[in-house]
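The primary structure of each chain is shown beneath.
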Amino acid sequence: MGVLTGELFVLSITPDPWFLRFLFLLFGCGLVTYLVLTRKGRHIHIRRIPGLDKIDEAVGRAVEMGRPVWFVPGIGSLQDAGTLTAMGLLEKAATLCARYNVRLMVALVSPVLVPVMTSIVREAYRAENKLEDYNEDDIRYLPGGQFYFAIAAMGWMRRERIAASMLFGAFFAEALMLSETAQQLGAIQIAGTQQAMQIPFLIATCDYVLIVEEYLAAHAYIRREPVHVASIRTQDLLKALMMVLTVVGVVSATLYLTGVVEADFIERMVEDFIHPGRWFQGG
Amino acid sequence: MSKVRIIRLTVLIAGIYFVVVFLIGGIWKESLDEKVFGEITPVYTDVIRVIALFAIGVGVVNIFMVHTHRIVRGRPNWEHSIVLLSAFIVMFTFAILKWTGTQPEPGQPYEGVAGLFDYVVTRIMVHMNSTIYSFLAFFVASAALRAFRVRGLESAVMMIGAVIVLLSMAPETAFPFLFEVRERLDLWLNTAVFRALTFGMYLGSITVALRMWLGIERSALFEAS
């Protein structure tokens, strides 16, 4: 039993390298297949993500109230998947703010992010022919690290009395500080993060929350170009495979623990599943 | 070649190496692992570190340009820019003094001006950081109060779960039966949900990474001029 549960645990946490290679290749094949299909004009449905649809509403509310929109692209580094996704969402928020003449305030935790985010916001204003409204003072680097950033950001939010708050990216303990402050100011809040630990806090304080993979698919959802749709579809395909494997694992473990099947049979089945490399080695 | 194309090409070439290592590393020839990957990978990671350092350098230069500009032009709150730049210069100087100072015995602090950096960090910054962190307790209480309002079936389920967890934290003699309920909630439901979220996170991250690598992420990073 120890061996079996150990293998199942390995399956869910640190799979065999062969299994990862198989998933990687499957992902590549799936992406190419769906890309070809979408380019040929086949419609692929993507379900609605309410949080993303509400970005327009949040900016609209800021217009009505005549108060700024607040955006934080997380406190992750530039190479973080959450920060990369946040850049696409910042582009959308900046475009809407430029279009409707709303002030956009962006708080950054790292100096590395400053030139990149500044460029994104400026380009969005330029695309809307509103470059004269662009104010570089509203994109601020709040130095010192996590909690210094949080306290400076909270002060800035309170002074300017923001109307809408968008927290997208990697957040940790400061997530609750930022979202709770915005909540106390009565701002409409949309948040998205890939940090599963912060999801409960954001759900308690924000109006709309993009949960992990919803968030990571956000930019693709907004753009809706064939390559984006194909990548989301491939992601779903792999997720379905994961679900099937999970069910197989649960059923096989239950059958073994209830004595319906022999341990040896289950172990061989599990090993065949997670060690496809043995097929190539004739094992 | 345009700037955007250079970025895309660099990302693609850099990514190909890691994909090759991932796909054939450790399974093909030992000599390949030792002589090729074993020697190239450290060089490769050094190059990535150097590029990252350049990125930090660009960020610092940018900060100086923006804030010097603000001070010179006398823009609103220009005084804050003086504080920021002064703090940066002071800490940078302290760090240099520490770097050039005499290395103390293991376990002993730096002495004299070389110890200024550690003094500011351990005597001021750490305490300020802890103080701000302690505020979190009040934010948690305030958020919990709102989360516990029953507005529908889902919030009711959440509230019941939270009450069970809270009561189970009381001394064991008060609610002994709740301790086991809480453990099952935590180990069965919570673990399953977090694993599902973790699957989603990894798959989503792979998708974003793949789009970036292949240069098909038509994001602002690749399109901004």
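How each quantity is defined
Residues numbered from 1 in each chain as written. Chains lettered and ligands numbered in written order. Predicted model: local features only at pLDDT ≥ 70, side-chain atom pairs only at ≥ 80, totals over all residues. Heavy atoms only, no water. Pairing = 2+ DSSP bridges. Helix = DSSP H or I, 4+ residues; strand = E, 2+ residues; numbered from the N terminus. Axes fitted to C-alpha atoms, helices over the stretch in contact; angles between N-to-C directions. 1 Å grid on protein atoms, 1.4 Å probe; cavity = no way out; pocket = protein on both sides within 12 Å on 5 of 7 lines; lining within 4 Å. Points joined across faces, edges and corners; volume = space filled by probe spheres on them. Nonpolar A, V, L, I, M, F, W, Y, C, P; charged D, E, K, R; others polar. Contact = heavy atoms within 4.5 Å. Salt bridge = Lys/Arg side-chain N within 4 Å of Asp/Glu carboxyl O. pLDDT = per-residue confidence, 0-100.

Peer 1: In this structure, what is going on with the sheet that holds strand β5 (residues 188–193) of chain A? I would like to understand it.
Peer 2: Each strand in a sheet pairs with its neighbour through backbone hydrogen bonds, running either in the same direction (parallel) or in the opposite one (antiparallel). All names here are of chain A. Within the open sheet, the six strands sit side by side as β3-β2-β1-β4-β5-β6. Their pairing is parallel. The open sheet has two free edges, formed respectively by β3 (139–141) and β6 (208–211), since each of these has just one partner strand. Each adjacent strand pair in this sheet contributes to an overall mean axis angle of 15 degrees, direction not counted. Taken together, the four bridges between strand β1 (residues 69–72) and strand β4 (residues 164–168) define a ladder with parallel strand orientation.

Peer 1: What should I look at first to understand the layout of surface pockets in this one?
Peer 2: By rolling a water-sized probe across the atoms, one finds the places where empty space is left. Each pocket or cavity is described by its volume, and for the second largest pocket that value is around 1800 Å³. For the second largest pocket, the lining is made up of 41 residues, of which A:Pro200, A:Ile203, B:Met158, B:Ala162 and B:Asn190 are closest to its centre. If you list the elements that add at least two residues to the lining of the second largest pocket, you get α7 (174–184), α8 (199–205) and β6 of chain A together with α5 (136–147), α6 (153–168) and α7 (176–213) of chain B. For the lining of the second largest pocket, the leading source of residues is α6(B), giving nine residues. Partitioning the lining of the second largest pocket into residue classes produces 29 nonpolar, six polar and six charged.

Peer 1: Explain the interface of chain B and chain A here, please?
Peer 2: Frequently, the measure chosen for interface size is the accessible area that the parts lose on association. Contacts between the two partners involve 55 residues from chain B, matched on the other side by 60 residues from chain A. As a salt-bridge pair, A:Glu180 and B:Arg146 come within 2.4 Å of each other at their nearest N and O atoms. Those elements that provide at least two residues to the side of chain B that touches chain A are α1 (3–24), α2 (30–73), α4 (116–134), α5, α7 and α8 (220–223) of chain B. Counting residues per element, the side of chain B that touches chain A draws most heavily on α7(B), at 15 residues. For the side of chain B that touches chain A, the per-class residue count stands at 35 nonpolar, 12 polar and eight charged.

Peer 1: Explain the confidence of the model for chain A here, please?
Peer 2: As a general rule, the predicted coordinates of low-pLDDT regions are not to be interpreted in detail. With 87% of its residues at a pLDDT of 70 or more, chain A has an overall mean of 85. In this model residues 1–13 of chain A is a low-confidence stretch, pLDDT under 50, and it forms 22 contacts with partners more than four residues away in sequence or in other chains.

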